[in-house]
Amino acid sequence: MKSFHAASAPTLFQTAAGRWQLHRYPARSNETLQAWDAADELLHEAFIEHERQGQMAAQPLLVNDAFGALLMAVAPRAVVTCNDSYVSQLAQRANLELNQLECDLTQLSPLDDLPPSCDLVLMKLPKSQSLLEFQLAQLSGSLKPGTTVLVAAKSKLFTPATRAIFSQFCDDVDISLIQRKCRMLRAKVRAVATPITQFLNTWQQPELNLELTHHAGVFARNQLDIGARLLLEHLPAAGAQQVIDLGCGNGVLGLAYARQSPQSAVTWVDESYLAIASCQRNIALNLGTAERYQAYVDDCLSQQSSNSADLVLCNPPFHQEHAITEHIARQMFKDARRVLRKGGEMRLVANRHLPYYQSLKRLFGQVDCEASNAKFVVYRCQA
């Protein structure tokens, strides 16, 4: 796990529940984004009010706590967090350490069973409505009926569809007026038995001869991403020995390359647990099981050895939660350069408006435009 102490000074986060130093993760020397928002502040206030009413939570459950802002308020007690993001889990532990807080912390992924002992839920709304529905189904299938759920987010995210999803799985749903451009939702868990298979989405990609299955919330869940489509039309020639699909999502880039180069060893990496679970299903569906095919969660390529790969395929994100940012892509580029052997290649697709070319030129010996269209460009970067 990266240390915060060598980075820029963390920002003071102060609410009715206390004050803490808080960083986004990974910490950057020129960070311009806070590690919390007004919705986190509202949840702190709602938590304090909940406890003032004599409803002391012995084991709160925090859902979608991106950087540990919610964790700060409840850290002295036993806490369960549930995040799809491996990076969020790293951020939570790093911010506990930064603030010298002890915590009996259990970190779960969305596919883990929730402890029925959790007696209060503090939740940030996810960006994906399919993920929200999946998470509420988990709560209703695992927690004691009547467990209080406190939810906050930007006001614009509380759409009629969002309200309908809560009504499907919760009772006594109440949404506040707008406060600091956010809203609070209060509800009680209702017991609803929902099979996990209901949230799996499968579609065919006939031109690639692939069948792709996706868990809730996974990028390009309903159709092939148009950027990935351009990169698929311009994959490198077969023959790379060690290949990495970085930020793999459903795994389509690595799957397509493995199909055209069956002797290659391919590794799929993403920070999303649901993406990796989807990718593992897609590997089994389309390639079968083999030791040369591996998929795991990581913070970019932090677990990958240097000089260990011949080819990196990448369709990088430019969002972290609801924030638009390029730092994740830039970290991917740095990590790819480190793990590539001399003469190795990164082949990536990016939106034309994103200023990646100069960053790539500083890292790689040669950077060429392999293909482009009105929206995207494919770069070939030689180590």
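Residues numbered from 1 in each chain as written. Predicted model: local features only at pLDDT ≥ 70, side-chain atom pairs only at ≥ 80, totals over all residues. Heavy atoms only, no water.

Colleague: What am I meant to see in the overall build of the protein chain here?
Modeller: Scanning the protein chain from N- to C-terminus turns up 10 helices and 20 strands. For a compact globule of 383 residues, the expected C-alpha radius of gyration is about 21 Å, and the protein chain comes in at 22 Å, within 12% of that figure. Counting only C-alpha atoms, the protein chain reaches 65 × 45 × 40 Å along its principal axes. Counting contacts in the protein chain only where the partners sit at least 6 residues apart, residues at least 24 apart contribute 67% of the total. As displayed, the protein chain offers around 16,600 Å² of accessible surface, 48% of which is attributable to carbon and sulfur atoms. Of the side chains in the protein chain, 36 bear a positive and 36 a negative charge, and the two mean positions are spaced by 6 Å. (Helix = DSSP H or I, 4+ residues; strand = E, 2+ residues; numbered from the N terminus. Rg over C-alpha atoms; globule rule 2.2 N^0.38 Å. Contact = heavy atoms within 4.5 Å. Areas by Shrake-Rupley, 256 points an atom, 1.4 Å probe, with all protein chains shown as cover. Lys, Arg positive; Asp, Glu negative; His and termini not counted. Charge placed at Lys NZ, Arg CZ, Asp CG, Glu CD.)

Colleague: Any chance you could explain the sheet that holds strand β12 (residues 242–246) here in plain terms?
Modeller: Either a parallel or an antiparallel arrangement is found when strands of a sheet pair, and the pairing is made through backbone hydrogen bonds. In spatial order, the strands read β14-β13-β12-β15-β18-β20-β19; together these seven strands make up an open sheet with mixed pairing. Either end of the sheet is taken by a strand with one partner, and the two such strands are β14 (293–297) and β19 (366–372). With direction set aside, neighbouring strand axes in the sheet form an average angle of 15°. Of the strand pairs in this sheet, β12 and strand β15 (residues 309–314) are connected by four bridges, and their pairing is parallel. If you follow V243 over to β15, its bridge partner there is L311. Most of the contacts of helix α9 (residues 327–339) go to strand β18 (residues 340–351), to which it runs at about 155°, and overall it touches β12, β15 and β18. (Pairing = 2+ DSSP bridges. Axes fitted to C-alpha atoms, helices over the stretch in contact; angles between N-to-C directions.)

Colleague: Just to check I follow, could you spell out the sheet that holds strand β6 (residues 120–124) for this structure?
Modeller: Strand order in the open sheet formed by seven strands is β5-β4-β3-β6-β7-β9-β8, and the pairing between neighbours is mixed. At either end of the open sheet lies a strand with only one pairing partner, and these are β5 (104–108) and β8 (170–175). Recorded for the sheet is a direction-independent mean angle of 20° between the axes of neighbouring strands. By the bridge criterion, four bridges tie strand β3 (residues 60–63) to β6 in an arrangement that is parallel. When the bridges of β6 are listed, V63 appears paired with M123. Contacting β3, β4 (78–82), β6 and β9 (182–189), helix α4 (residues 129–142) runs over the sheet at an angle of about 175° to β6.

Colleague: How should the packing of aromatic side chains be read in this particular structure?
Modeller: How two aromatic rings sit relative to each other is given by the distance of their centres and the angle of their planes. With the rule as written, the count across this model stands at six aromatic pairs. When the centroid spacing of 5.9 Å and the interplanar angle of 65° are considered together, the rings of W268 and Y293 count as edge-to-face. Here W268, found in strand β13 (residues 265–270), pairs with Y293, found in strand β14; they are 25 residues apart in sequence, far enough to count as distant. Grouping residues by exposure puts W268 and Y293 together as buried. Chaining the aromatic ring pairs together yields one cluster made of F13, W20 and W36. (Phe/Tyr/Trp six-rings, centres within 6.5 Å; stacked < 30°, edge-to-face > 60°. Buried < 20%, exposed > 50% of the residue type's maximum accessible area, 1.4 Å probe, protein only.)

Colleague: It is not clear to me how the environment of Q241 should be interpreted in this structure. Could you clarify?
Modeller: You can see Q241 is positioned in the loop between α6 (226–232) and β12. Since its relative accessible area comes to 57%, Q241 is described here as exposed. The spacing of Q241 and V269 is 28 residues in sequence and 17 Å in space, taken between C-alpha atoms. Once residues lying within four places of it in the same chain are set aside, the contact partners of Q241 are S264, A265 and D310.

Colleague: How should I be thinking about unusual backbone geometry in this particular structure?
Modeller: Comment: phi is negative for the bulk of residues other than glycine, and the bulk of peptide bonds are trans. Following Y25, the chain continues to P26 via a peptide bond in cis, the omega torsion being -5°. Within the secondary structure layout, P26 lies in the loop between β2 (18–22) and α1 (38–52). Its identity is not glycine, yet Q100 carries a phi of approximately 55°, on the positive side. Along the chain, the position of Q100 falls in the loop between α3 (86–98) and β5.

Colleague: Honestly, the nonpolar core in this entry has me stumped. Any pointers?
Modeller: As a rule of thumb, nonpolar side chains are buried together in soluble globular proteins. Grouped together as the largest cluster of nonpolar side chains are 70 residues, with contacts concentrated most on L71, V74, L122 and W268. Sort the elements by how many residues they give to this core and α1 lands first, with seven residues. Once residues lying within four places of it in the same chain are set aside, the contact partners of L71 are L62, D65, V79, Q92, L96, C103 and L105. Core analysis: the next-biggest nonpolar cluster, separate from the first, contains 34 residues, C82, A153, F166 and F199 among them. (Core = buried A, V, L, I, M, F, W, Y, C linked by side-chain atoms within 4.5 Å.)

Colleague: Explanation requested: the side chain of S88 in the structure shown.
Modeller: Structurally, S88 can be placed in helix α3. If we skip the residues at most four places from it in the chain, S88 touches D65, A66 and N83.

Colleague: How should I be thinking about the pairing of β15 in this particular structure?
Modeller: Where a strand is regular, its side chains alternate between the two sheet faces. Most of β15 sits inside the fold, with five of its six residues counted as buried. In the sheet, β15 pairs with β18 via five bridges, with the strands oriented parallel. Looking at the pairing, V312 lines up with M346 of β18.

Colleague: Help me understand the packing of α4 against helix α5 (residues 160–169) in this model?
Modeller: Angle between the axes and distance between the axes: these two values describe a pair of packed helices. Axis separation between α4 and α5 bottoms out at 9 Å; the angle between their running directions is 15°. When the axis of α4 is compared with that of α5, the two are roughly parallel. Note that α4 runs across α5; the crossing there is right-handed. Within the contact between the two elements, α4 uses Q129, L132, E133, L136, A137 and S140 and α5 uses A161, T162, I165, F166, Q168 and F169. Considered class by class, the residues forming the contact of α4 with α5 number seven nonpolar, four polar and one charged. (Parallel < 35°, antiparallel > 145°, perpendicular 65-115°, else oblique. Left-handed = near helix turned anticlockwise from the far one by under 90°. Nonpolar A, V, L, I, M, F, W, Y, C, P; charged D, E, K, R; others polar.)

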